[in-house]
Amino acid sequence: MSSALDEYCGSVFWNVSYVDRADPDLPICLEQTVLVWIPLGFMWLCAPHHLISLCKRTTKKRMSKLYLCKQFVVSLLFLTAIASLAVTIAEGHGPNSDSTQTEKIAGVYYANPVLFAVTWILLLLCQEGLRRKGKHVDSATLFFFWLLLVVCDIFPFQTLIRAALREGKVSDVPRFCLFYISFGLELVALVLSAVADISPEAKEHMKKNPEKAATFLSRITFNWTSSLVVTGYKRPLVQEDMWDLKDIDTTDHISQVFSSNMKTELDAARVRYQKKLQKCASSKRDNAREGEFHNEMSNGLGKGVSQDVLMMEEKGKKEGGKKKKNKEQSEDYPNSWLVPTIYKTFKWILIESAFFKLVQDILTFVSPQILKLMIAFTEDKTSYAWVGYMYATLLLLVAVLQSLCLQQYFQRCFVLGMQVRTAIMAAVYKKALVVSNNTRKEWTVGETVNLISTDAQRFSDLTSFIHLLWSCPLQIIISIAFLWIELGPAALAGRTVVVLMVPINVLLADKARQYQMENMKFKDDRLKVMNEMLNGIKILKLYAWEPSFQAQAEDIREKELKVMTKFSYLSSVSTFLLTCAPALVCLVSFAVFVGVSPDNMLTAEKAFTSISLFNILQFPLAMLPMIIASIVQTTVSKKRLEKFLSGEDIEAGAVQHNSSFKTAVSVCDGTFAWERDAEPLLKNVSLEIKPGQLVAVVGAVGSGKSSLISALLGEMHSTKGFINIQGSIAYVPQQAWIQNATLRDNVLFGSPNDERRFNEVIKACALEPDLELLPGGALTEIGEKGINLSGGQKQRVSLARAAYSQADIYLLDDPLSAVDAHVGKHLFENVIGPNGILQNKTRILVTHGVSFLPHVDEIVVLVEGVVSEIGSYSSLRASGGAFSEFLDTYAKEQRTRTRSESGNNSLPPLYFFFSDHSQNMEDLELLPDSEDTDLDAPLEDVVSSTLKRENSIRHSQRNSSIRRRKNSSIRKIENDDDLKKVQKLIEKEAMETGWVKLSVFLQYLRAMGWGYTAVAALVYFIGNVAFVGQNLWLSEWTKDAVVYANETYPPSLRDLRVGVFGALGVAQGLFVFLGTLILVNASIAASRILHERLLKNMMRVPMIFFDTTPIGRVVNRFAEDIFTIDEAIPNSLRSWILCLLGVLGTLFVICLATPLFTIVLVPLAIIYYFVGRFYVATSRQLRRLDSVSRSPIYSHFGETVSGLTVIRAYNHQERFLKHNEITIDENVKSVYPWIVSNRWLAIRLEFLGNLVVFFACLFAVISRDSIDSGIVGLSISYALNIMQTLNLLVKMTSELETNIVAVKRVSEYIEIENEAEWVTDTRPPKDWPEAGRLQFENYKVHYRPGLDLVLHGITCDIGSTEKIGIVDRTGAGKSSLTNCLFRIIEAVEGRIFIDGIDIAKLGLHDLRANLTIIPQDPVLFCGTLRMNLDPFDKFSDEEIWKVLELSHLKDFAAGLKEGLQYEVSEGGENLSVGQRQLLCLARALLRKSRILILDEATAAVDLETDNLIQNTIREEFSSCTVLTIAHHLHSIMDSSRVMVLDAGRIVEFDTPQNLLSNKGHFYAMAKDAGITQQDSSTVL
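Residues numbered from 1 in each chain as written. Predicted model: local features only at pLDDT ≥ 70, side-chain atom pairs only at ≥ 80, totals over all residues. Heavy atoms only, no water.

1. As for the overall build of the chain
Right, so step 1: Helix and strand content of the chain: 54 helices and 22 strands.
Right, so step 2: Across the 1580 residues of the chain, 53% fall into the buried class.
Right, so step 3: In the chain, the share of contacts with a sequence separation of at least 24, taken over all contacts with a separation of at least 6, comes to 83%.
Right, so step 4: Of the roughly 68900 Å² of accessible surface on the chain, 59% is carried by carbon and sulfur atoms. (Helix = DSSP H or I, 4+ residues; strand = E, 2+ residues; numbered from the N terminus. Buried < 20%, exposed > 50% of the residue type's maximum accessible area, 1.4 Å probe, protein only. Contact = heavy atoms within 4.5 Å. Areas by Shrake-Rupley, 256 points an atom, 1.4 Å probe, with all protein chains shown as cover.)

Have a look at this one:
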């Protein structure tokens, strides 16, 4: 082969003498053959890929200047190739040539120009093919070709120059000139190939997404991200700065591909599941036959079969059956299809990332081998200097290539994780829109939201690191193989240490998991208590109960901190083992190696190559257990997702739309159930409703009214019959579903905006006054779950949505029950009724309002799921059936209340009728309070609530009397009056931007304690000194191999070397362990102090803060921010300190080994600092944007699940699906740049790290005569390790900055101004107030500075034991008066005296503890019954039983197994509304103060409870001063005096009779309420 090439070139192909000298060179033949064939061969292999596009027909593309330049350069190169061939032909066959010279011209001079000419023609075609592709701005293969060509041409480049210099002349001028012309053109072509060829149209796209216009070089270095990083450094990034997504990253694209693959896999899984079920069924039949056989056997024991044996067999079968049953139950759905679906969808990105990971893993092991060669080079002083430079360059190239592969791998893996998360979220959302009620029953709103938050994130995290599953074992095997080569069997000793540490780590991990579980339990308990406290904060303030609940929260916090301390100590032990492990492994390996044989000497080569391999081994050993644990966790998520996604869909053909029917709605002999196997709730229903009819559906609670509406919507499972509906449907649910959008958007609900129609609907739905009150009118944003609307307003918006939709059929599920009588009348007359805007539409109205029934076309009466009667009001009345009987009875029972509540000239109010078997009050309270402020409770939709309600009705055995719903007219006005202020007060929570101030860090360090902090830093520093010392000692140890090369190694010296090496390793571990322990104690102290201060301050802030701050925001401080302070900050701080010391230690060792390194250290440090600063600013803001944009995904999902029935009814699934895709895309827009910015940072820092390695090698080569091989090995092995540490340090800095914001957020709430002191020097007398006399003197108050007064100079004198009723014509004033008495709001001017003492001079607790209030909403807390009555344990059990008896709860409490220790659930949900209100009465009786305030205490209870409360108050508080805040006048007609407020002023204050006689404000209010003087006398 070699001789043939010698002949082909006309010179020697290869000779060792060329390189075995101080100035090496390559033979000319090698340069003319191999170095030419490599780039040309690469080009020819890649050409077909580009030429394909030439065969396709494409539209004409413009020719850019860059394209023309590229073609021109290649054309010139083609000409140089022709010229070169011409020179050869001229030399061989020209007029000057002779026969002898012809023989001398070698074949290579003919072949090479031809090869180049063909290649240039091929290249011209390839560049044309690239232009026709259109989307491509450059080509990686063409760039590689030019790069390879230039690199290969560098060798002949220097050979020709050296030959010319050596000979003093140029021997072959034509070829010399042609080569350098070609080389210049190749360099130009290389530069041009690295420039993007962007069309003018694409430039606009480039602004939206620079990645589309990024060149190959920009893509592999992530340089296209620089613009965003620079922007992020200059100013905080906002969502508008985020780029558009590539098509393949959009939710729409990913969802389509994933859905297609999911359908295939899921269908196959369903087939497998069906076969499995059939197999189980047949095996059960076989078992039954076998059982019969065994029975026959056991009947006759004469056949020699032992009865014991049979029993054992039977027992075994039972146990086996049990296990099998459990397994079947756990997997009673199609499974094992999700992972194949993910693989099919993302297989190419998986394969690509696997390739990069494999290359990177292989390259990882090349560095230690080059290090070995480098050490050998420094030891061998005879070797040429160029060998050292070659090793240094080779190490740099390998490191750069390794960095590029690693970052490409990471990029693909994190993008894969992001795409998997997107696919799962989109699939779950899509499924949620079509899921059947059978499946929905098993999943709460919270659980389904968990699927897209926790479970999708778990899959995302796992898929990002999935390749480690094969990569870690591969790295371990290769490491051990190389270690065996270095140390022989001694390598196994180190491996044994690693293996022995695995069970220890497993034990520690298991114990840590137990502590973590315990810690989570305490955390949940604490947050539960905090949530309750914050939701019931007003009650705590009114009763002065803050200290008790504060102590309760602090007790739980102490338990939590104790467990956290144990967990942290355990983590410290893990850190100790992790720190000691490398040192211990090295110690054991080296000790065994030198101890086995006296001939074994530890050379620098062996020592530092082994240490590099041990460092590589550390990563897979740490990661493998973590990845396995992650797989176990994700398996749980996989099962949950498979169960949900393979669940049953809603029946597509449940409702038919056959146009041949003449009716609008037809139900033919329909039987319906909520679940497939459940008992039907509606039986044999037959209905025919003509177009344009108004049909009322009436019946008792649980008779199936809402179920009938759900059946018409297709939400129920039809077991018999069918439903036919003609036309579109609009639906108003019983519980209004409001979106987090503007009021206009809520009404339009996706329909086009028609201003005239919108205004007409708003007017008809009585929303005009509300729009005037709302700050933005129709454009006011409505909060989550309609938080800033009252119950009545929500219902009217829901009705307006339906009215605006212009549907054909309207299904109205009791929409009038949440509104007041006069509003209900208005809505019926203007919207629903015969003269309303829907008069020509088909309307089905579920109602409890008797007054509307005469005005409807037809009434459907339901009794226990069966249609008992259908007909008009008059016909049903005349028939004398169940409906007629009910009306008579109901009217008689309600006559008194009718007179007190309804006006003389208006329709009767809304009556609510229930069957005699009605049950728990909470079951009947179907609508939310209009003042519900629970931000965290998931809103249930109509299906869920109906399922629960009807289930409760079936199972409840309790009877209770008729009750009415809460009437919210006055309260609604109050809300509306405050709404404008609330709108202004509740601001969007500010997102932190910019750098975190040093003062925040100092605040945290101060909380930790300066002493702790300083000692921890010092101990860590000593630990790092020990680490550096150990490695320097190893360097010294390796010198022994040179000193004792030809003599026996002294055992004493060997033992000393091993002993000191081991001692320094242990010392390092101990100091890190000690530093971690100190830091743990310091961080626990900081956590305790910050939580204590936060809790203390939250208990003392004024009530106005809670009125203007969503509870969720405050809870977040106690949840997420405290969690960050507890766990994230200490971990980040510890890692940051260790990384910083690691980097400083490494640089110190390199500078010590090669002092010349200090020259490049300063510029490298400056570059590093700026790269880090740029990244931290951008990364921090991108994380915040991710967090902010993630919340809407979960909110929208929760909102969708809650309003699923409404969305389906209006047939808006597609619109919501699109909105979900947009919401996910918005989040991905901030996640993707964060992933890329991490790669941008990593590639730059790794290049810096590579330069550190290169310069360490370079200076080692330069100084090789003055330093020994041990120091070189130490320096380079340290440098090889610095890449990861540099990257980690910047990441830790970023993480620490991001996390420390939690301290700032907590301190903001710690610094909020407090209300007045709880106890002051002015203390009231022991039995104060004795008389209970109240005096107001010119009392003025506003809610906060800058707002108008709500009370204008109130002056009055209330005598002892007087019963005062307080009413207000406009709202707000009554509640303000109560708040002033308790100093919830403080006076601007004036004073209040109680028994002659100015309340402003008393401490708040002295005041509040001596007043009693029974609030409107009964608030109970988690804990025992006793704790809810007496949180301070002031009273004896006897006293508590006595007040329970007086409040009519003794029988209930005595009937409970636990008695007073009965656990009350969150919000008192395991008690009825009536019982809750009676407990509030019991609280008041227990305090028995001389002043009692009743804040419409009976509005939420039924008649029976109302009477019980009123009688008890009359009897037990007869000697007290009682103030009754009245929402309904009938409740204060027996008062001593009535105070009438108007716009914050007292306008009337006298006895009810006198006020009615005066015919003033009170008279007008009484007249509106239908109360006359005669009625007043009757009451009195």
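After presenting the structure, the write-up continues.
2. Comments concerning the state of the cysteines
Right, so step 1: Applying the stated criterion across every chain yields a total of one disulfide.
Right, so step 2: In this model, cysteine 9 is linked to cysteine 29 through a disulfide, with the two sulfur atoms separated by 2.1 Å. Negative torsions about the S-S bond denote left-handed disulfides, and the value of about 60° found for cysteine 9 with cysteine 29 makes this one right-handed. Here cysteine 9, found in helix 1 (residues 2–9), pairs with cysteine 29, found in helix 2 (residues 28–32); they are 20 residues apart in sequence, far enough to count as distant. (Disulfide = S-S within 2.5 Å.)

3. Observations regarding the pattern of salt bridges
Right, so step 1: This model, assessed by the stated rule, comprises 52 salt bridges.
Right, so step 2: Aspartate 1406 is paired through a salt bridge with arginine 1323; the nearest N and O atoms lie 2.7 Å apart. Residue aspartate 1406 is found in helix 46 (residues 1404–1408), and its partner arginine 1323 is found in the loop between helix 44 (1269–1310) and strand 11 (1334–1342); the two are separated by 83 residues along the sequence.
Right, so step 3: One salt bridge connects aspartate 1437 with arginine 1426, and the closest N-O pair in it is separated by 2.9 Å. Linking aspartate 1437 in helix 48 (residues 1437–1446) with arginine 1426 in helix 47 (residues 1425–1429), this pair joins segments that are 11 residues apart in sequence.
Right, so step 4: Among the ionic contacts, a cluster of salt bridges with common partners joins Lys523, Arg526, Arg557, Glu560 and Asp1126. (Salt bridge = Lys/Arg side-chain N within 4 Å of Asp/Glu carboxyl O.)

4. Describing the side chain of glutamine 475
Right, so step 1: In this fold, glutamine 475 is placed in helix 19 (residues 468–487).
Right, so step 2: Residue class for glutamine 475 comes out buried when judged on its relative accessible area of 4%.
Right, so step 3: Excluding its chain neighbours within four sequence positions, the residues that come into contact with glutamine 475 are Lys357, Asp361, Phe365, Ile616, Phe619 and Pro620.

5. Some thoughts on the nonpolar core
Right, so step 1: By size, the foremost hydrophobic cluster in this structure holds 321 residues, and its most contacted members are Phe590 and Tyr1004.
Right, so step 2: Top element by residues in this core is helix 43 (residues 1213–1262). It accounts for 22 residues.
Right, so step 3: Aside from chain neighbours lying at most four places away, what touches phenylalanine 590 is Leu487, Leu602, Ala607, Ser610, Ile611, Leu1034, Trp1037 and Phe1061.
Right, so step 4: Counting residues in each nonpolar core, the second largest holds 31 residues, with Leu122, Cys126, Leu404 and Ile1243 among its members. (Core = buried A, V, L, I, M, F, W, Y, C linked by side-chain atoms within 4.5 Å.)

6. With respect to the environment of leucine 124
Right, so step 1: Among the structural elements, leucine 124 can be located in helix 6 (residues 108–133).
Right, so step 2: Along the chain, leucine 124 and valine 73 lie 51 residues apart, while their C-alpha atoms are 9.8 Å from each other.
Right, so step 3: Excluding residues within four positions of it along the chain, leucine 124 makes contact with Gln71, Val74 and Ser75.

7. A few points about the pairing of strand 10 (residues 866–871)
Right, so step 1: Across five bridges, the pairing between strand 9 (residues 858–863) and strand 10 is antiparallel. Across the sheet, residue leucine 862 finds its bridge partner in strand 10, namely valine 867. (Pairing = 2+ DSSP bridges.)

8. Some details on the sheet that holds strand 10
Right, so step 1: Read from one edge to the other, the open sheet built from six strands follows the order 6-7-8-4-9-10, with strand pairing classed as mixed. Here the strands that pair on one side only, and so sit at the sheet edges, are strand 6 (729–732) and strand 10. The mean inter-strand angle of the sheet, taken between neighbouring strand axes irrespective of direction, is 15°. (Axes fitted to C-alpha atoms, helices over the stretch in contact; angles between N-to-C directions.)

9. Concerning the side chain of glutamate 1315
Right, so step 1: Take glutamate 1315: it is sitting in the loop between helix 44 and strand 11.
Right, so step 2: For glutamate 1315, a relative accessible area of 13% gives the class buried.
Right, so step 3: Reaching out from glutamate 1315, the side chain makes a polar contact with the side chain of arginine 1408 at a distance of 3.3 Å.
Right, so step 4: Discounting chain neighbours no more than four positions away, the residues touching glutamate 1315 are Lys541, Glu546, Met1099, Arg1100, Val1101, Pro1102, Leu1404 and Arg1408. (Polar contact = N/O pair within 3.5 Å; in protein donor to acceptor, adjacent residues only side chain to side chain.)

10. A closer look at the environment of glycine 92
Right, so step 1: Assignment of secondary structure puts glycine 92 in helix 4 (residues 65–93).
Right, so step 2: For glycine 92, a relative accessible area of 3% corresponds to the buried category.
Right, so step 3: Each C-alpha atom of the pair glycine 92 and isoleucine 105 lies 6.8 Å from the other, and the pair is 13 residues apart in sequence.

11. Focus on the packing of aromatic side chains
Right, so step 1: Inspection of the entire model under this criterion finds 41 aromatic pairs.
Right, so step 2: For the pair phenylalanine 355 and phenylalanine 356, a centre-to-centre distance of 5.6 Å together with 65° between the ring planes defines the contact as edge-to-face.
Right, so step 3: Judged by relative accessible area, phenylalanine 355 falls into the exposed class, the value being 52%.
Right, so step 4: Here the aromatic cluster, defined as three or more aromatic residues joined through ring pairs, consists of Phe157, Phe176, Phe179, Tyr180 and Phe183.
Right, so step 5: When the ring centre of tyrosine 804 is taken as origin, the NZ or CZ atom of arginine 757, which lies over that ring, is 4.0 Å away. (Phe/Tyr/Trp six-rings, centres within 6.5 Å; stacked < 30°, edge-to-face > 60°. Lys NZ or Arg CZ within 6 Å of the ring centre and 35° of its normal.)

12. Points about the packing of helix 14 (residues 338–364) against helix 19
Right, so step 1: Axis separation between helix 14 and helix 19 bottoms out at 11 Å; the angle between their running directions is 15°. Of the possible angle classes, the one that applies to helix 14 and helix 19 is roughly parallel. Seen from above, helix 14 lies across helix 19 with right-handed handedness. Touching Ala354, Lys357, Leu358 and Asp361 of helix 14 are Leu468, Trp470, Ser471, Leu474 and Gln475, all from helix 19. (Parallel < 35°, antiparallel > 145°, perpendicular 65-115°, else oblique. Left-handed = near helix turned anticlockwise from the far one by under 90°.)

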